[in-house]
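Spelled out from the first residue to the last, the chains are:
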Amino acid sequence: MSDHTDHHPADDPARHPELLEWLTERQAAFPHWAENTGGADRFDFTPASLDILDGLIRETFDSSEDIDSRRRRDDFVQGAVWYVGEMMCREHGMVWKYTPEPLDDGTCPPLFDPADTPALDTPSVAFPDAGPYEGFYPLNILRRMLIDEDETGMPVEERLVDFLDPDHLKDDEDDEE
């Protein structure tokens, strides 16, 4: 007799097959990405390495819109997304998750959908007990680095390393509520 409480791996956002495949690919590609991005010795999972990546993001892209659906699949962006998320996982005990948002027709786009889709199709990092769609999306963190002012016109100056600060994480959680 089968137990109907068994769940398919895709039902667990931390075990989604597309996420696991992407994480395996990114981890394997990391040494090459780091070397191509300025030297493997610069990307050692320390806060100083996030300052280096922050500078590279700002040098490479003019605006948050510049990281569009085509560029976000580039090796540099994919590596940066993985590196930022991995730093948050290591620093805060977070885990990678992927909960694709269904499109209007009920289907879910693939991870980093090459089509220009309005649905959420990127991985997040969150605390293990967080609900669906809770957490931080490293791609959006990269985009935030390129925003000069908030919705009210106030200047914004965030750095990637800010996301390692527990107080910053708490402030962002408060903003989402």
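All residue numbers refer to position in the chain's written sequence, counted from 1. For a predicted model such as this one, the threshold for reporting local features is a pLDDT of at least 70, and the threshold for listing and counting side-chain atom pairs is 80 or more; totals across whole chains, interfaces and linings nevertheless cover every residue. The basis for the side-chain values is all heavy atoms of the structure; hydrogens and waters are excluded.

Draft legend 1. Fine view of the nonpolar core. Remark: nonpolar core denotes a set of buried residues (Ala, Val, Leu, Ile, Met, Phe, Trp, Tyr, Cys) joined through side-chain atoms within 4.5 Å. Accessible area is worked out with a 1.4 Å probe on protein chains only. A residue is then buried under 20% of its type maximum, exposed over 50%, and partly exposed in between. Counting residues in hydrophobic clusters, the biggest one holds 39 residues, and the most contacted among them are Trp22, Trp33, Leu53 and Tyr83. For helices the rule is a DSSP run of H or I covering at least 4 residues; for strands it is a run of E covering at least 2, with both sets numbered from the N terminus onward. For this core, the secondary-structure elements that each account for two or more residues are helix H1 (17–36), helix H2 (47–60), helix H3 (75–92) and helix H4 (138–144). Looking at which element gives the most residues to this core, the answer is H3, with 10 residues. Contact partners of tyrosine 83, with chain neighbours within four places excluded, come to Phe30, Trp33, Phe43, Asp44, Phe45, Thr46, Ser49, Leu50 and Leu53. Throughout, a contact is declared for two residues whenever any of their heavy atoms are within 4.5 Å.

Draft legend 2. Expanded view of the environment of proline 13. Along the chain, the position of proline 13 falls in the segment before H1. Between the alpha carbons of proline 13 and tyrosine 133 there is a distance of 9.6 Å; along the sequence they are 120 residues apart. The residues touching proline 13, leaving out its near neighbours within four places in the chain, are Leu19, Trp96, Lys97, Tyr98 and Thr99.

Draft legend 3. Structural context of the pattern of salt bridges. Salt bridge, as used here: a side-chain nitrogen of Lys or Arg that lies within 4 Å of a carboxyl oxygen of Asp or Glu. Across all of its chains, the model carries eight salt bridges by this definition. One salt bridge connects arginine 26 with aspartate 75, and the closest N-O pair in it is separated by 3.2 Å. With arginine 26 in helix H1 and aspartate 75 in helix H3, this residue pair connects regions lying 49 residues apart in the sequence. What makes aspartate 75 partly exposed here is its relative accessible area of 38%. Across the pair aspartate 74 and arginine 71 runs a salt bridge whose closest N-O atoms are separated by 3.5 Å.

Draft legend 4. Focus on unusual backbone geometry. The phi dihedral of phenylalanine 45 falls on the positive side, at around 65 degrees, and the residue is not glycine. Position of phenylalanine 45 among the secondary structure elements: in the loop between H1 and H2. Overall, phenylalanine 45 belongs to the partly exposed group, its relative accessible area being 21%. With phi around 50 degrees, phenylalanine 112 is a residue other than glycine that occupies positive phi space.

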